[in-house]
Amino acid sequence: MTPEERISELRKQVNYHLYRYHVLDAPVISDAEYDELFRELAALEAEHPELVTPDSPTQRAGAEPLDAFEKVAHPAPILSLANAFNADDLRAWRTRIGRYLPDPEMALDYVVEPKLDGLTVVLTYQNGLFVQGATRGNGEVGEDITQNLRTIRSLPQRIPIDPNSDLAPPPVLVVRGEAFFPLDKFEQFNLARMEAGEAAYMNPRNAAAGSLRQLDSMITAARPLTLYVYDFIFWEGGEIPAKQWDRLALLRQLGFPVSPDNQYCPDLDAVAAAYDGWIEKRNQLNYEIDGMVVKINDRPLADSLGFVGKDPRGAIAMKFPAQERTTKLLDVQVSVGRTGILAPAGVLEPVEIGGVTVRNATLHNYDEIARKDIRIGDTVIVKRAGDVIPYIIGPVVDLRDGSERVIEKPTHCPVCGETAVQPEGEVAIYCDNPACPEQLARRVAYFVSREAMDIDSFGSQTAVLLIEKGLIHDIADIYTLQRDQLLELEGFKEKKADNLLAGIEASKAQPAERVLTALGIRYVGGVVAGLLLDALGGIDALAAAGQDELEAIEGIGPETAVNIITWFANEKNQAILQKLRAAGLNFTVEKPESNEKANTLDGLTFVITGTLPGMSRNEAKALIEAHGGKVTGSVSKKTSYLLAGEKAGSKLTKAKALGIPIVDENGLRLLLTS
Ligand code: IVH
């Protein structure tokens, strides 16, 4: 094989596995195998730079920054939709369009789709290759954001994506979709921004828009954006299916991410029922929606109905009741984070929004408060989206009566009273006292949390209690807790004390990676901890590493390196490390398991579903396979165990129905060692 052929082969494979992972959520190779393919490709391309093309998966990391976005004309207008707000409006729409149908009463079927509150994108493929991505703009002309869209892992660089597909790549294909910021990533992302001193995004939509409008696509590449595609705009040399439902199926077949929540509705009653269903489940989805789109399934018929202004008659957006209410801002409470960040939160006059009573709302930071001129006593507009914490959109200035009070930046920590500091160039304000009891409580809560040492029996209330009673002064002190000390605490009976101690004891077996994560060093979460220890082998080697050595590790930037060095240079932290070592925690990466232990899962077949707290699904798969087990994609009678994490869906239901044993991550660990 020539290098050119091999490169082409590798690209196909890497793209296919990205698709299995990011679109189908069903990887068929381990992370390590994927990395190997990717590395081989990157190495070959480095040797033959003339063979690098923009569709190569190596180019997803971002490209040279732009000075400005170019304008692009769309091949057909990118239209919008008229709105309906309830079932009556829906029926009125059906009656209205009757006048334009061959028979006003004719039976129609429909497709309903989530109306994603993201950013419309228009994607162009030539001979199967992704060549251009644009924003909607004014519907006729948008902006060229190809470089940024290329970084989205779920966006196919080449279609059909399945190397075995018998679909021919069309000469020109233009599709439309919506790019968005998944909700489960949003709060964590914003928090990290704030901790890094950057302004938080107001909501997931702004975060998506802000990410796609970066002139430097490297920044976009670091954001967890994704998209769903829902329509064909143009297909040269091919026939777009007549039915919307078939269009969605074909898009999926080509390799585009298509919402799994789209529904076929045989009649209007089914649409109305779907609407009620969506309102119920909208807060459980991992993306923000502001309604659902109802489309007549027969698209040529729908198109023949014409337009009202720019809105086609053949489809309608059914908006949901806005999850926005006005209420009074009673007070602003300042909470102290693990890193000392002083975060303002609004205390509200309780208000019901979308079936939930809201009492608190994020105010992000003090710059934001000043910019919006939010005052205590103001009537404010509060919005709820998904399960993320509600936020304050802004004040209703006209309702002020003069008694409102301006919100001042804190000059002292509200808990320990130490002076607050605002580092140069950051929007965040910090409590600078590492002994601050609230910071300590947060650090302990993080130390024992699922992402870190995973001590189930250790709640955040327990942390507060232990600190209050002076039983712990730092995270390491939890390993010196005595049974009789615990029994003196309010609410602690023997069983509770023993559970807590057993949990603490068991945590000593956690791998070094978790110990490092649990230290709570800024920017060193589970993934970074893994990278560091893979490279250095242990926490002591990390403590001894210099700036250059750290930055040479892939995935470690200068800021992370500085934080690591500063953390280890601190004497108090050194003392904590000594105590943790004395307690018997793992400081070095364990050697691979011996062969004798390796086959504990021989003959067992696993299916993995949901989000696991401590490992990615690929890691779980690799772990199972390393112990002789097999991992398959779907639950059947032959499945031995379902490994289920959070947000497990239909696979869990099916496993339950078939009576297949269900284990969580801890259960899997038990199986490995039994
Ligand atoms: S169809 C003429 N389908 O909602 C066809 N739109 O006003 C119009 N949107 O600007 C679009 N999800 O950005 C359609 N599944 C979906 C959608 C969707 C979100 C957005 C789109 C459009 C607005 C409709």
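Refer to the structure presented above.
Keep in mind it's a predicted model, so treat the numbers as computed, not measured. (Residues numbered from 1 in each chain as written. Predicted model: local features only at pLDDT ≥ 70, side-chain atom pairs only at ≥ 80, totals over all residues. Heavy atoms only, no water.)

A. Representation of the overall build of the chain in the model. When helices and strands are counted, the chain shows 25 helices and 26 strands. At 27 Å, the chain has a C-alpha radius of gyration in line with the 26 Å of a compact globule built from 674 residues. If you line up the chain on its principal axes, its C-alpha atoms span 85 × 80 × 55 Å. Taken over 674 residues, the chain has a buried fraction of 49%. (Helix = DSSP H or I, 4+ residues; strand = E, 2+ residues; numbered from the N terminus. Rg over C-alpha atoms; globule rule 2.2 N^0.38 Å. Buried < 20%, exposed > 50% of the residue type's maximum accessible area, 1.4 Å probe, protein only.)

B. Layout of the site of the ligand. Inspection of the region around the ligand gives 14 residues, with L81, E113, T120, E178 and K295 positioned closest. One of the side-chain nitrogen or oxygen atoms of E178 is found 3.0 Å away from an oxygen atom of the ligand. Measuring from a nitrogen atom of the ligand, one finds a side-chain N or O atom of K295 at 3.0 Å. Isolated, the ligand exposes 520 Å² of accessible area, and the fraction of that covered by the protein chains is 88%. When contributions to the shell around the ligand are tallied by element, the ones reaching two or more residues are β3 (110–116), β7 (172–180) and β10 (289–296). For the shell around the ligand, a count of residues per class yields 7 nonpolar, 2 polar and 5 charged. (Near = heavy atom within 4 Å. Polar contact = N/O pair within 3.5 Å; in protein donor to acceptor, adjacent residues only side chain to side chain. Areas by Shrake-Rupley, 256 points an atom, 1.4 Å probe, with all protein chains shown as cover. Nonpolar A, V, L, I, M, F, W, Y, C, P; charged D, E, K, R; others polar.)

C. Seen up close, the nonpolar core. Membership of the largest hydrophobic core comes to 54 residues, with the highest contact counts inside it found for F447, F458, I478, Y479, L516, L532 and L550. In this structure L532 touches L516, V524, G537, L542, L550, I553, I556 and I564, once residues within four positions along its chain are discounted. With 38 residues, the next largest nonpolar core counts F69, V121, L227 and L248 among its residues. (Core = buried A, V, L, I, M, F, W, Y, C linked by side-chain atoms within 4.5 Å. Contact = heavy atoms within 4.5 Å.)

D. Quick look at the environment of K319. Summarising the element assignment, K319 is placed in strand β13 (residues 315–319). Along the primary structure K319 and V293 are separated by 26 residues, whereas in three dimensions their C-alpha atoms are 8.4 Å apart.

E. How the structure looks around the pairing of β13. Extensive coverage of β13 is indicated by the burial of 4 of its 5 residues. Pairing analysis gives 2 bridges linking strand β2 (residues 83–84) to β13, with the strands arranged parallel. Each residue of the ladder has a partner; that of N83, found in β13, is A317. Relative to β13, β10 runs antiparallel, the two sharing 5 bridges. When the bridges of β13 are listed, M292 appears paired with M318. (Pairing = 2+ DSSP bridges.)

F. Representation of the pattern of salt bridges in the model. Throughout the structure, instances matching the rule amount to 28 salt bridges. In this structure, the salt-bridge partner of D231 is R299, at a minimum N-O distance of 3.1 Å. Of this pair, D231 sits in strand β8 (residues 226–236) while R299 sits in helix α10 (residues 299–304), and the two are 68 residues apart along the sequence. Both residues of the pair, D231 and R299, count as buried. Among the ionic pairs, R375 bridges to D373, the shortest N-O distance being 3.0 Å. Judged by its relative accessible area of 24%, R375 falls in the partly exposed class. According to the relative accessible area criterion, D373 is partly exposed, its value standing at 30%. What emerges from the salt-bridge pattern is a single network uniting D373, R375, D378 and R400. (Salt bridge = Lys/Arg side-chain N within 4 Å of Asp/Glu carboxyl O.)

G. Structural detail: the sheet that holds β7. With respect to topology, 4 strands assemble into an open sheet ordered β5-β4-β7-β8, the strand pairing being antiparallel. Edge positions in the open sheet fall to β5 (129–135) and β8, since each of these has one partner strand only. Shown here is a sheet whose adjacent strand axes are inclined to one another by a mean of 25°, direction ignored. Against the sheet, helix α8 (residues 244–254) makes contact with β7 and β8, and its axis sits at roughly 105° relative to β8, the strand it touches most. (Axes fitted to C-alpha atoms, helices over the stretch in contact; angles between N-to-C directions.)

H. Structural context of the sheet that holds β10. An order of β2-β13-β10-β3-β9 is seen for the 5 strands of this open sheet, with the pairing classed as mixed. Two strands bound the open sheet, and with one partner strand each, they are β2 and β9 (263–265). Relative to the sheet, helix α3 (residues 87–98) contacts β2, β3, β10 and β13, its axis offset from that of β13 by approximately 170°.

I. Region of interest: the packing of helix α20 (residues 558–569) against helix α21 (residues 571–582). One way to put it is that α20 packs onto α21 with a least axis distance of 5 Å and a crossing angle of 75°. With respect to α21, the element α20 is oriented roughly perpendicular. Contacts between α20 and α21 involve W567, F568 and A569 from the former and E571, N573, Q574 and L577 from the latter. Taken together, the residues of the contact of α20 with α21 break down into 4 nonpolar, 2 polar and 1 charged. (Parallel < 35°, antiparallel > 145°, perpendicular 65-115°, else oblique.)

J. Highlighting the side chain of N15. Looking at the secondary structure, you find N15 in helix α1 (residues 3–22). Given a relative accessible area of 6%, N15 falls into the buried group.

K. Representation of helix α12 (residues 437–448) within the structure. The end-to-end C-alpha separation of α12 is 16 Å, in line with the 16 Å expected for 12 residues at 1.5 Å each. Among the residues of α12, Q439, L440, A441, V444, Y446, F447 and V448 are the ones counted as buried. Residues of α12 that are buried sit in contact with β14 (324–336), β22 (430–431), α13 (460–468), α16 (512–518) and α21. (Expected span 1.5 Å × (residues − 1).)

L. Focus on the packing of aromatic side chains. Using the criterion set out here, one finds 17 aromatic pairs in the structure. Note on Y125 and F256: the rings are 5.3 Å apart at their centroids and 85° apart in plane angle, and the pair reads as edge-to-face. Here the residue Y125 occupies a position in strand β4 (residues 119–126), and F256 occupies one in the loop between α8 and β9, the gap between them amounting to 131 residues. Put simply, the rings of F181, F186, F189 and Y201 pair up and form one aromatic cluster. We note K281 situated over the ring of W278; from NZ or CZ to the ring centre the distance is 4.3 Å. Looking at R313, its charged tip hangs above the ring of Y100, at a distance of 3.9 Å from the centre. (Phe/Tyr/Trp six-rings, centres within 6.5 Å; stacked < 30°, edge-to-face > 60°. Lys NZ or Arg CZ within 6 Å of the ring centre and 35° of its normal.)

M. Examining the side chain of H364 more closely. Position of H364 among the secondary structure elements: in the loop between β16 (356–362) and α11 (366–372). Under the relative-accessibility criterion, H364 is labelled buried at 7%. Each residue touching H364, except ones within four places of it in the same chain, is listed here: N190, M194, A200, Y201, M202, P344 and Y391.

N. Region of interest: empty space enclosed by the protein. Scanning all chains against the criterion turns up 5 cavities of 30 Å³ or more. What lines the largest cavity is M194, I341, L342, A343, P344, H364, N365, Y366, V427, A428 and I429. Top contributing element to the lining of the largest cavity by residue count: strand β15 (residues 342–353), with 3 residues. Here the lining of the largest cavity is composed, by residue class, of 9 nonpolar, 2 polar and no charged. (1 Å grid on protein atoms, 1.4 Å probe; cavity = no way out; pocket = protein on both sides within 12 Å on 5 of 7 lines; lining within 4 Å. Points joined across faces, edges and corners; volume = space filled by probe spheres on them.)

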